[in-house]
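As a plain string of letters, each chain reads:
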Amino acid sequence: MGKLIGRSLSTLASSSSSFSDIHNTIKQLVLKGKYDQALELYSAKVHCFSDSHANTTFLLPSIIKACAHSKTHQFLGLQLHCYVLINGYYSESTVSNSLISMYAKFSDTKAAYQLFDTMPKRDTISWNSMINCYYQNGYLFQSFELFKEMYAQGFAPKPELIACILSACVETKNLRLGRAIHALTIVDERIENSIFFLTALVDFYSKCHEPDSAYHVFQRMEVRNEVSWTAMLSGYIAEELYIEALELFCEMQVENVKPNRVTLTSILPACAELGAEKYGKEVHGYAFRHGFDSDSQFSSAIVHMYSQCGEALWGIKKIFDRSTKKDVVLWTAIITNYSRSKSTFQEAIKLFSEMQLSGIRPNDVTLLAVISACTNLLSVCHGRGLHGYVFRSGLSSQLFIGNSLINMYSKCGFLKDSAQVFQEMAIRDSASWSALISAYGTHGFGDKAVELFHEMKESGIKIDSIALLAVLSACNHCGLFEDGKKLFDEASKDKSFSMTVELYACYIDLLGRAGKLEDASEVISRMPMKPSNRIWSSLIASCKLHGRLEVAEHLAHRLTNSEPGNAANFALLSLVYAESENWPGVEDVRREMKERKLRKTTGSAKLS
């Protein structure tokens, strides 16, 4: 093909074609995106006409555009700029505008602005080109300032340029300027309120977390296409307004606007979060009929939707197998699903190997799912292999991966490896410290867990409820009553610290195990929130442990009265009666459970 193109170009160059024919040929090549071929023809033939034809200027914009898009002819672009200056063509705004766009592609904003600043006459395209140059190269503040100057000089911006500035407002979180632009488009009749611009405005408000403003603009649109509807839907989904998103999707169908692939992919998270499998299946069916289901992004979204709605894994795997294009997101979605079920942890690891063999490079989310599978499988062999892969891939610096590895080694019984991962981490957060504190507590080293907790405080890391729960659990597990009491008292006196029901449950269990039943009851009475079932069950278990069966019986009755529909509470009362050899009481409980049609869940009333 390359030789054929070369021959055709050389034939054209050696022929007696007119300048007009060559000009048209070059323009057609540029329009078709064949930039290198256009430049080859220009180099081969046009130079011989350049001195004798005044209409060279009409060709320059096309050839400058070709230079801008070609990766191998940047130097020619600089030569063309020199040619323009020497021959005085810089006064032609179309030529200068093309050069600004070319420098934008070269990321040379300094040269672009220097040219823009020295232009004898600027038109709307000149301003648009320079503002776009700033925006494309990350100079957002400069693009704002130039936009304001453009309007001050009497130029009305095109809808495409306003959409560009609104995108910059989103990136800089400049809601004030975006609103000012919106107001400007209302009062200035020169600015066209096109569907393109209004959709950009909906997208702007949505991304700035202003769904009401977005909907206000959307509702006032005279014409709305599938892009407009999708922008509004995506805004609702981002704000977790799933019911509103689903209602809007139904309204879109009533308006007879056909959803595209992006629309369908956008609405699936709402179906997933609401458990609306019926709607999800309808979306899936529509996508299948219109050929959208082969798209990897849609497949990932549909896999997530079915998994959230409780669809069987074999059905989800079937969707995955049918997908012709499997990217990292789709692989991650299926691996994550398999890493959640006890019976499929091994399959998740197998899929991870298949993913690598298929040439797809896993990302950090994929690795987290596989580490979770290794942790649940208690497979340190697979875990070590994955740790090695993380290290070789340069992802070991990822904070949450390091935290997951600490947890994985701890759950698999390798405390030393957990500590080593922690020591090798360049950056540690509260979750890192909490994971290691929990690891030491789980392995019976309560003193070390408390010591680490104090080190965490001294390092300047803010203590949160997760870290405190980890050290309290370690004290509870290792019988460090005094340490746990001191830590809990300090935290409860700190007004900036938010005490959770889980912290109270852990502390009450600590008091109960230590035989401080009265103290535990007093803490329950002072709790700022309603005690959970776990707290009452824990206290009853402690009463049983220390032979205070009359108190346990009283509390168990209280529990059954508060939640008469919970079979676990009755099972607990039955165990208390059995412990005190009150067999008539056991029979009464069983009879009442039968009358209430309550069934005890396996392990629901386990006492320790």
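Note that this is a predicted model, so its numbers are computed, not measured.

A.B. asks: Can you walk me through the overall build of the protein in this structure?
C.D. replies: Secondary structure summary: the protein contains 35 helices and 0 strands in total. Here the C-alpha radius of gyration of the protein, 34 Å, is well above what a compact globule of 608 residues would show, namely 25 Å. Among the 608 residues that make up the protein, the fraction classed as buried is 47%. Long-range contacts, defined as pairs at least 24 residues apart, comprise 60% of the intrachain contacts of the protein with a sequence gap of at least 6. Counting only carbon and sulfur atoms, one obtains 52% of the accessible surface of the protein, whose full area is about 31,600 Å².

A.B. asks: Quick question: what am I supposed to make of the layout of surface pockets here?
C.D. replies: Over the atoms, a rolling probe the size of a water molecule traces out where space has been left empty. In this model, the largest pocket occupies a volume close to 350 Å³. Those elements that place two or more of their residues in the lining of the largest pocket are helix 11 (175-187), helix 12 (195-207) and helix 13 (211-219). Top contributing element to the lining of the largest pocket by residue count: helix 12, with 4 residues. When grouped by side-chain class, the residues that make up the lining of the largest pocket number 8 nonpolar, 5 polar and 2 charged.

A.B. asks: It is not clear to me how the side chain of N97 should be interpreted in this structure. Could you clarify?
C.D. replies: Of note, N97 is situated in helix 6 (residues 93-105). Excluding residues within four positions of it along the chain, N97 makes contact with M119, D123, I125, S126 and S129.

A.B. asks: I keep staring at the pattern of salt bridges and nothing clicks. Help me out?
C.D. replies: Opposite charge on two side chains permits them to pair, given that their charged atoms come into close proximity. Tallied over the full model, the rule gives 16 salt bridges. One salt bridge in this structure joins D188 and R190, with 3.0 Å as the shortest N-O distance. Between K278 and E282 there is a salt bridge; the shortest N-O distance is 3.1 Å. Of the two residues, K278 and E282 both sit in helix 17 (residues 277-289), 4 residues apart, roughly one turn of that helix. Given a relative accessible area of 44%, E282 falls into the partly exposed group.

A.B. asks: Where do I start with the environment of H290 in this structure?
C.D. replies: The residue H290 is located in the loop between helix 17 and helix 18 (296-308) in this model. Sequence separation between H290 and Y134 is 156 residues; the distance between their C-alpha atoms is 40 Å. Of note is the side chain of H290, whose polar atom sits 2.9 Å from the backbone oxygen of Y286.

A.B. asks: When you look at the packing of aromatic side chains in this model, what are you seeing that I'm missing?
C.D. replies: How two aromatic rings sit relative to each other is given by the distance of their centres and the angle of their planes. Overall, the coordinates contain 16 aromatic pairs when judged by the stated rule. Seen in terms of ring centroids, F488 and Y504 are 5.5 Å apart; in terms of plane orientation they differ by 75 degrees. Their pairing is edge-to-face. In this pair, F488 sits in helix 29 (residues 481-493) while Y504 sits in helix 30 (residues 501-513), placing the two residues 16 residues apart along the sequence. Across this residue pair, the class does not change: F488 and Y504 are buried. Joined through ring pairs, the aromatic side chains of Y113, F116, W127, Y134, Y139 and F155 make up one cluster. Sitting over the ring of F218, R224 keeps its end group 4.5 Å from the ring centre. In this arrangement the basic side chain of R428 is found over the ring face of F422, its NZ or CZ atom lying 4.3 Å from the centre.

A.B. asks: What is the right way to look at the nonpolar core in this model?
C.D. replies: When a protein is soluble and globular, its nonpolar side chains tend to lie buried together. In this structure, L60, I335 and L468 are the most contacted members of the largest nonpolar core, which totals 187 residues. Take this core: its biggest share by element is 8 residues, from helix 30. Discounting residues that sit within four places of it in the chain, I335 has contacts with A348, L351, F352, M355, T366, A369 and V370.

A.B. asks: In this structure, what is going on with helix 19 (residues 313-322)? I would like to understand it.
C.D. replies: An α-helical turn contains 3.6 residues, so a residue and the one three or four places further along point in the same direction. Buried within helix 19 we find G315, I316, K317, I319 and F320. Turning to helix 19, the residues buried within the fold contact helix 17, helix 18, helix 20 (328-338) and helix 21 (345-357).

A.B. asks: Would you take a moment to explain unusual backbone geometry for this structure?
C.D. replies: Apart from glycine, the bulk of residues carry a negative phi angle, and the bulk of peptide bonds sit in the trans form. Despite not being glycine, N256 has its phi angle at roughly 60 degrees, a positive value. Within the fold, N256 resides in the loop between helix 15 (242-254) and helix 16 (261-274). Classification of N256 by relative accessible area gives exposed; the value is 56%. Although it is not a glycine, L378 adopts a positive phi angle of roughly 55 degrees. On the secondary structure map, L378 appears in the loop between helix 22 (364-377) and helix 23 (380-392). For L378, a relative accessible area of 54% corresponds to the exposed category.

A.B. asks: Sorry if this is basic, but what is going on with helix 7 (residues 109-117) here?
C.D. replies: Taken together, the buried positions of helix 7 are occupied by T109, A111, A112, L115 and F116. The arc that holds the buried residues of helix 7, viewed along the axis, is 165 degrees, so those residues lie on one side. Opposite the packed face of helix 7, turned more than 90 degrees from it, sit the exposed residues K110 and Q114.

A.B. asks: Please clarify how the packing of helix 6 against helix 7 should be interpreted in this entry.
C.D. replies: Any two packed helices are characterised by the angle at which their axes cross and by the distance between the axes. Packing of helix 6 against helix 7 brings their axes to within 8 Å, and their N-to-C directions diverge by 160 degrees. On the basis of their axis angle, the class for helix 6 and helix 7 is roughly antiparallel. Relative to helix 7, helix 6 is oriented so that their crossing is left-handed. Facing helix 6, whose interface residues are S96, L99, I100 and Y103, helix 7 presents A111, A112, L115 and F116. Split into classes, the residues belonging to the contact of helix 6 with helix 7 amount to 7 nonpolar, 1 polar and no charged.

A.B. asks: Hey, could you run me through the UniProt feature "repeat: PPR" (unreviewed entry) in the protein in this one?
C.D. replies: Residues annotated by UniProt as "repeat: PPR" (unreviewed entry) correspond here to residues 123-157, 225-259, 327-362 and 429-463. Helix and strand shares over residues 123-157 are 74% and 0% respectively, and the end C-alpha atoms of the span are 11 Å apart. The distance separating the terminal C-alpha atoms of residues 225-259 is 9 Å; by composition the span is 74% helix and 0% strand.

A.B. asks: I tried to follow the environment of G413 on my own but got confused; where do I start?
C.D. replies: Inspection of the secondary structure assignment puts G413 in the loop between helix 24 (399-411) and helix 25 (415-424). Accessibility expressed as a relative area gives 46% for G413, which makes it partly exposed. Residues G413 and E579, 166 residues apart in the sequence, show an inter-C-alpha distance of 35 Å.

A.B. asks: Even after reading the chapter, I still don't get the packing of helix 21 against helix 22, so can you show me in this structure?
C.D. replies: Contact pair helix 21 / helix 22: the axes reach a minimum separation of 8 Å and the direction vectors enclose 145 degrees. Crossing of helix 21 over helix 22 shows left-handed handedness. Along the contact surface, helix 21 presents F345, Q346, A348, I349, F352 and M355, while helix 22 presents T366, L367, V370, A373, C374, N376 and L377. The residue inventory of the contact of helix 21 with helix 22, partitioned by class, reads 10 nonpolar, 3 polar and no charged.

Parameters and conventions
Each chain has its residues counted from 1, running along the sequence as written. pLDDT decides what is reported in this predicted model: residues at 70 or higher carry local features, side-chain atom pairs at 80 or more are listed and counted, and totals for whole chains, interfaces and linings draw on all residues regardless. Calculated side-chain values reflect all of the structure's heavy atoms, with hydrogen atoms and water omitted. Per the convention used, a helix needs a DSSP run of H or I reaching at least four residues, while a strand needs a run of E reaching at least two, with both numbered from the N terminus. Note that the radius of gyration is over C-alpha atoms, with the globule rule given as 2.2 Å times the number of residues to the power 0.38. Exposure categories follow from relative accessible area, calculated using a 1.4 Å probe and restricted to protein chains: below 20% of the type maximum is buried, above 50% is exposed, and the middle band is partly exposed. The contact definition used throughout considers only heavy atoms, calling two residues in contact when any of these lie within 4.5 Å. Computed by Shrake-Rupley with a 1.4 Å probe, the accessible areas treat only the displayed protein chains as cover when residues are assessed. Using only the protein atoms, space was sampled on a 1 Å grid; points where a 1.4 Å probe fits but cannot get out form cavities, open sets with protein on both sides within 12 Å along at least five of seven lines form pockets, and lining residues are those with an atom within 4 Å of a point. Grid points are joined across faces, edges and corners, and a volume is the space filled by probe spheres set on the points. Residues are sorted three ways: Asp, Glu, Lys and Arg are charged, Ala, Val, Leu, Ile, Met, Phe, Trp, Tyr, Cys and Pro are nonpolar, and all the rest, Gly among them, are polar. Every case where a carboxyl oxygen of Asp or Glu lies within 4 Å of a side-chain nitrogen of Lys or Arg is listed as a salt bridge. Polar contact is the term for a pair of N or O atoms within 3.5 Å; when the atoms are in protein, one must be able to donate a hydrogen and the other to accept it, and sequence-neighboring residues count only if both atoms are side-chain atoms. The aromatic pairing rule takes the rings of Phe, Tyr and Trp, using the six-membered ring of Trp, and pairs them if the centres are within 6.5 Å, calling planes under 30 degrees apart stacked, those over 60 edge-to-face and the rest tilted. By definition, being over a ring means that NZ of Lys or CZ of Arg is both within 6 Å of the ring centre and within 35 degrees of the ring normal. We call a set of buried residues a nonpolar core when its members are Ala, Val, Leu, Ile, Met, Phe, Trp, Tyr or Cys and they connect through side-chain atoms within 4.5 Å of each other. By construction, the arc corresponds to the directions joining the helix axis to the C-beta atoms. Under this scheme, a helix contributes an axis fitted over its contacting stretch, all axes are lines through C-alpha atoms, and angles between N-to-C directions fall in the 0 to 180 degree range. When an angle is under 35 degrees it counts as roughly parallel; over 145 it counts as roughly antiparallel; between 65 and 115 it counts as roughly perpendicular; any other value is oblique. For any pair of crossing helices, the crossing counts as left-handed if the nearer helix is rotated counterclockwise from the farther one by less than a right angle, and right-handed if it is rotated clockwise. UniProt positions are given in the numbering used here, feature names are shortened, and annotations may be inferred rather than shown by experiment.

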